[in-house]
Amino acid sequence: MFIIWGTHHYGHLGGHGNSEHLVTKFGHLYWFPIFPMESLWVTHRLGDQRVGIDVPLSARSVLATYLRFWAPLVALGAGATLSIAGLAIAAVMVALSAWSWTWMRRRTGRERRRAQLNQLAFETACDPLIRREGDCLSLRREIDARFAEVSNGRTPDDVARLGADTPQQAALAYASLRLVAATTRGGTARKAREASERVLDRLTDREADAMGDGGPYRAQPAAATLAADLDAATARAVQEQDRAFADALVAARASAPPPQQRSRFGVDLTYKGWILVGLGVAALLGFGGYKAYQDHIAAKQAIAELRAFTDELCDCPTKRCAQEVVTARLDDLERLEKVAREGIWTDDDVEDLGRRAERCLVEKAALPD
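Presented here is a report on the structure given in the accompanying data block.

Basis of the calculations
Residues numbered from 1 in each chain as written. Predicted model: local features only at pLDDT ≥ 70, side-chain atom pairs only at ≥ 80, totals over all residues. Heavy atoms only, no water. Helix = DSSP H or I, 4+ residues; strand = E, 2+ residues; numbered from the N terminus. Expected span 1.5 Å × (residues − 1). Buried < 20%, exposed > 50% of the residue type's maximum accessible area, 1.4 Å probe, protein only. Pairing = 2+ DSSP bridges. Axes fitted to C-alpha atoms, helices over the stretch in contact; angles between N-to-C directions. Polar contact = N/O pair within 3.5 Å; in protein donor to acceptor, adjacent residues only side chain to side chain. Contact = heavy atoms within 4.5 Å. Nonpolar A, V, L, I, M, F, W, Y, C, P; charged D, E, K, R; others polar. Salt bridge = Lys/Arg side-chain N within 4 Å of Asp/Glu carboxyl O. Disulfide = S-S within 2.5 Å. Phe/Tyr/Trp six-rings, centres within 6.5 Å; stacked < 30°, edge-to-face > 60°. Lys NZ or Arg CZ within 6 Å of the ring centre and 35° of its normal. Core = buried A, V, L, I, M, F, W, Y, C linked by side-chain atoms within 4.5 Å.

This part covers helix α4 (residues 109-122). A rise of 1.5 Å per residue sets the reference length of α4, with its 14 residues, at 20 Å; its end C-alpha atoms lie 20 Å apart and thus fit the reference within 8%. A large share of α4 lies buried, amounting to 11 of its 14 residues. Among the residues of α4, those classed as buried are Arg110, Arg113, Arg114, Ala115, Gln116, Leu117, Asn118, Gln119, Leu120, Ala121 and Phe122. Positive phi shows up at Glu123, right after α4, with a value of about 65 degrees.

The structure is reproduced here in structure tokens:
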């Protein structure tokens, strides 16, 4: 039997721009994720290769993976019971699975602004709060030094309270506060996180007039102006980062040794190949679901026969009658019980009928022949 197993990335979350997003590497069997291994914030794609930042295992990405791949199977199995409870469970599983797909991209203006601030400060949209604490500690000195150059004598808390003069000042104040929140505990971390959110508030519709309380733009609609400035600054920064990455890639390829000859038996899955894989998995799932449905129908029929046998046994007026009913169906009862137990959630029905038959046998044993 040919078994497909290995590792693959699943749980795409928080997409921003053309390539940045969070994924988790899973061990898979037939491309269905089984257990999570590590998470990665992807910054660039090189063909099938992902380049990015190692981050702690993301519970949300793991949950998204299971909801996208396993919830539909649970829904299929529950729906095959054709019961009210089973259909309700199937509906909930389908809804949760569909909801998890909406996590793939940043869908609100606020989250896109957050990504822009991170992009200006860190050259990536990855939030420090999901990065490793050691990475954040190493970044704090650099970010604090860069903020000092544009602070005009302010502190990050001043920027959060009064507003920023420039997009760079807003981004670096936000980054400094975010790094404090990521590397401290208790009240200090909470206050730093709240202050970072206030910097973000001033760039969204949440506090469109927030800078009117003494900020540098109190004579004009400051939040809108600064938001537009942030758009332009981020666009320039992303272009510069992409150009630098492309130059580094060209240099790396020029200095790399020539690639080895690829085996003629190697397989490169293009999008058409993935479509074929998807169709194969869908066919496998469809066959499995149909087989489960057939087994469940057969189980229901077996339960109906067991119930008829039990009714006939319990209706017997004499001990001899009960013995004849049992003798006539003795060879068939074991087969019916086995078939009945192969259905979905039918074990309780089988147990109930078995207990009823036992009670009736006890009652008939006390009757005259």
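At Trp31, a residue that is not glycine, the phi angle is positive and equals roughly 70 degrees. Locating Trp31 in the fold gives a position in the loop between β2 (20-29) and β3 (32-46). Located in the positive-phi region is Leu82, a residue other than glycine, with phi close to 55 degrees. Mapped onto the secondary structure, Leu82 falls in the loop between α2 (71-79) and α3 (84-101). On the accessibility criterion, Leu82 (53% relative accessible area) is exposed.

Pairing is antiparallel across the open sheet formed by four strands, whose spatial order is β1-β2-β3-β4. At either end of the open sheet lies a strand with only one pairing partner, and these are β1 (5-16) and β4 (49-55). Sheet twist, expressed as the average angle between the axes of neighbouring strands with direction ignored, equals 45 degrees. Where β3 meets β4, seven bridges bridge the pair, whose relative direction is antiparallel. By the bridge assignment for β4, His44 is matched with Val51.

Quick look at the pairing of β3 now. Examined bridge by bridge, β2 and β3 share nine bridges and lie antiparallel to one another. By the bridge assignment for β3, Phe26 is matched with Pro36. With antiparallel pairing between neighbouring strands as the criterion, β2 and β3 make up a hairpin whose turn holds two residues, including Tyr30 at a positive phi of roughly 55 degrees. Hairpin connection, β3 to β4: the antiparallel pair is bridged by two residues, and Gly47 has positive phi, about 65 degrees.

So, about the side chain of His28. The topology assignment puts His28 in strand β2. In terms of polar contacts, His28 uses its side chain to reach the backbone amide nitrogen of Trp31, at 3.1 Å. Setting aside anything within four residues of it in sequence, one finds His28 in contact with Ile4, Trp5, Gly6, Thr7, His8, Tyr10, Pro33 and Ile34.

What follows covers the packing of helix α1 (residues 59-69) against α2. Axis separation between α1 and α2 bottoms out at 3 Å; the angle between their running directions is 35 degrees. The segment α1 lies against α2, with Tyr66, Leu67, Arg68 and Phe69 engaging Ala71, Pro72 and Leu73. Counted by class, the contact of α1 with α2 contains six nonpolar, no polar and one charged residues.

Before going further, it helps to examine the pattern of salt bridges. In this structure the tally under the stated criterion is 19 salt bridges. One salt bridge connects Arg178 with Glu197, and the closest N-O pair in it is separated by 2.9 Å. Remark: Glu197 occurs in helix α8 (residues 186-201) and Arg178 occurs in helix α7 (residues 167-183); sequence separation between them is 19 residues. Each member of the pair Arg178 and Glu197 is classed as buried. A salt bridge links Glu337 to Arg341, with the shortest nitrogen-to-oxygen separation between them at 3.2 Å. Of this pair, Glu337 and Arg341 both sit in helix α11 (residues 319-341), four residues apart, roughly one helical turn.

Considering all chains together, one arrives at two disulfides under this definition. Across the disulfide from Cys316 sits Cys321; the S-S distance is 2.3 Å. The disulfide joining Cys316 to Cys321 has a torsion of about -60 degrees about its S-S bond and is therefore left-handed. Residue Cys316 is classed as buried on the basis of its relative accessible area of 3%. A relative accessible area of 22% means that Cys321 is categorised as partly exposed.

This brings us to the packing of aromatic side chains. By the definition in use, this model includes six aromatic pairs. Ring centres 5.1 Å apart and planes at 90 degrees place the aromatic pair Tyr10 and Phe69 in the edge-to-face group. You can see Tyr10 sitting in strand β1 and its partner Phe69 sitting in helix α1, a full 59 residues away along the chain. When the centroid spacing of 6.1 Å and the interplanar angle of 85 degrees are considered together, the rings of Phe32 and Phe69 count as edge-to-face. One end of the pair, Phe32, is in strand β3; the other, Phe69, is in helix α1, with 37 residues separating them in the sequence. Note on Phe32: relative accessible area 11%, which makes it buried. Every member of this aromatic cluster is reached through a ring pair, and the members are Tyr10, Phe26, Phe32, Tyr66, Phe69 and Trp70. Over the ring of Trp103 we find Arg60, and its NZ or CZ is 4.1 Å from the ring centre.

Below, the discussion takes up the nonpolar core. The biggest cluster of nonpolar side chains holds 24 residues, and the ones touching the most others in it are Leu117, Ala121, Phe122, Ile143, Leu179 and Val199. Listed by contribution, the elements that provide at least two residues to this core are α4, α5 (133-150), α6 (156-162), α7 and α8. The element best represented in this core is α7, accounting for nine residues. What Leu179 contacts, discounting residues up to four positions off in sequence, is Phe122, Pro128, Cys136, Leu139, Arg140 and Ile143.

Remember, this is a structural readout, not a statement about activity or role.
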